[in-house]
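Per-entry structural report
Below, each chain spelled out in residue letters.
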Amino acid sequence: MVQSSSNQGSSKPEVKGDLKYDSKVIQKIVGIALSDIKGLLTVNGGFFSNIADKIVNSDDVTSGVNVEVGKKQVAVDIEIVAEYGVDITKLYDQIKEKIQEKVKEMTGLDTVEVNVTVVDIKTKEQHEKDSVSLQDRITGAANDTKDKISDQKDKAQDKVEEKKKENRVK
């Protein structure tokens with residue numbers, strides 16, 4: 001009986017290198033992780049980001065999320081809009097827990113700091129109203145105008161048809 005060992009004569013050299021994460025990757029993980037927390041209306045990028053979001057619809061989950069990424073650790077700073085009536089300290093605890101869990105699960109990095117600044121509180125109704133962007137409003141107005149023009153065109157076409165009928169009858 002011959003014994004064979006898979007390690008004899010064919011040992012593989014160790015591959016060296018580093019695994020690094022761009023800050024955008026961690027920002028995206030954080031932004032997506034926070035998307036289903038009840039009581040958190042939005043992660044806010046500040047005044048200029050809000051203006052940009054009102055002009056053009058943005059699904060950028062990294063807006064308002066700032067991170068510092070090291071070789072083994074991550075620090076996160078976010079600005080949020082909380083829902084009126086929620087316990088913000090409990091909301092903060094949920095945010096920290098969710099960020100820590102998802103960053104560790106996906107990258108193996110430890111989250112050592114989560115700083116949250118509450119920049120506004122709103123009711124859900126206020127938030128939904130404020131979330132309608134200028135682009136949405138312009139698109140809505142353009143569609144309304146298009147509908148009115150189409151209606152006027154149809155009415156004019158009907159009048160032309162009526163005139164043709166009258167002229168045939170005479």
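For the chain, an unreviewed UniProt entry supplies the name Stress response regulator gls24 homolog and the organism Lactobacillus helsingborgensis. Reading the Sequence similarities (unreviewed entry) entry of the UniProt record for the chain gives the comment "Belongs to the asp23 family."

Within the sequence span of helix α1 (residues 23-33), burial applies to Ile-26, Gln-27, Ile-29, Val-30, Gly-31 and Ala-33. Tucked inside the fold, the buried residues of α1 contact β2 (65-69), β3 (73-83) and α3 (88-107). One side-chain oxygen at the N-terminal end of α1 lies 2.9 Å from the backbone nitrogen of Lys-24; it belongs to Asp-22.

Moving on to the nonpolar core. Soluble globular proteins tend to pack their nonpolar side chains together in the buried interior. Judged by nonpolar contacts, the single largest core of 20 residues is most densely connected at Val-30, Leu-34, Val-76, Ile-78 and Ile-95. Elements that contribute at least two residues to this core include exactly α1, β1 (40-43), β2, β3 and α3. When neighbours within four sequence positions are excluded, Val-30 is seen to be in contact with Val-65, Val-76, Ile-78, Ile-99 and Val-103.

Once that is clear, we can look at the side chain of His-127. Structurally, the position occupied by His-127 is in helix α4 (residues 124-130). On the accessibility criterion, His-127 (19% relative accessible area) is buried.

Here the focus is the side chain of Lys-122. Inspection of the secondary structure puts Lys-122 in strand β4 (residues 110-122). Excluding its chain neighbours within four sequence positions, the residues that come into contact with Lys-122 are Leu-41, Val-81, Ala-82, Glu-83, Tyr-84, His-127 and Asp-130.

Another point: the pattern of salt bridges. Applying the stated rule across the entire model yields three salt bridges. In this structure, Lys-102 engages Glu-105 in a salt bridge whose closest nitrogen and oxygen atoms are separated by 3.5 Å. One end of the pair is Lys-102 and the other is Glu-105, both in helix α3 and three residues apart, which spans about a single turn. Since its relative accessible area comes to 53%, Glu-105 is described here as exposed.

Cut-offs and rules
Every residue gets a number counted from 1 within its own chain, in the order that chain's sequence is written. Totals for whole chains, interfaces and linings use all residues, but because this is a predicted model, local features are given only for residues with pLDDT of at least 70 and pairs of side-chain atoms are given and counted only at 80 or more. Each side-chain value is derived from all of the structure's non-hydrogen atoms; neither hydrogens nor water enter the calculation. UniProt positions are given in the numbering used here, feature names are shortened, and annotations may be inferred rather than shown by experiment. Throughout, exposure labels follow a simple rule: accessible area from a 1.4 Å probe, protein chains only, divided by the maximum for the residue type, with under 20% read as buried, over 50% as exposed, and the rest as partly exposed. Each helix corresponds to a stretch of at least 4 residues labelled H or I by DSSP, and each strand to a stretch of at least 2 residues labelled E; elements are numbered beginning at the N terminus. Contacts are residue-level and defined by heavy atoms, with any inter-residue pair within 4.5 Å sufficient. In protein, a polar contact means a hydrogen-donor-capable atom and an acceptor-capable atom, both N or O and within 3.5 Å, with residues adjacent in sequence counting only if both atoms are side-chain atoms; elsewhere, any N or O pair within 3.5 Å suffices. Side-chain atoms within 4.5 Å are what join buried Ala, Val, Leu, Ile, Met, Phe, Trp, Tyr and Cys residues into a set we call a nonpolar core. Whenever Lys or Arg places a side-chain nitrogen within 4 Å of a carboxyl oxygen from Asp or Glu, that contact is recorded as a salt bridge.

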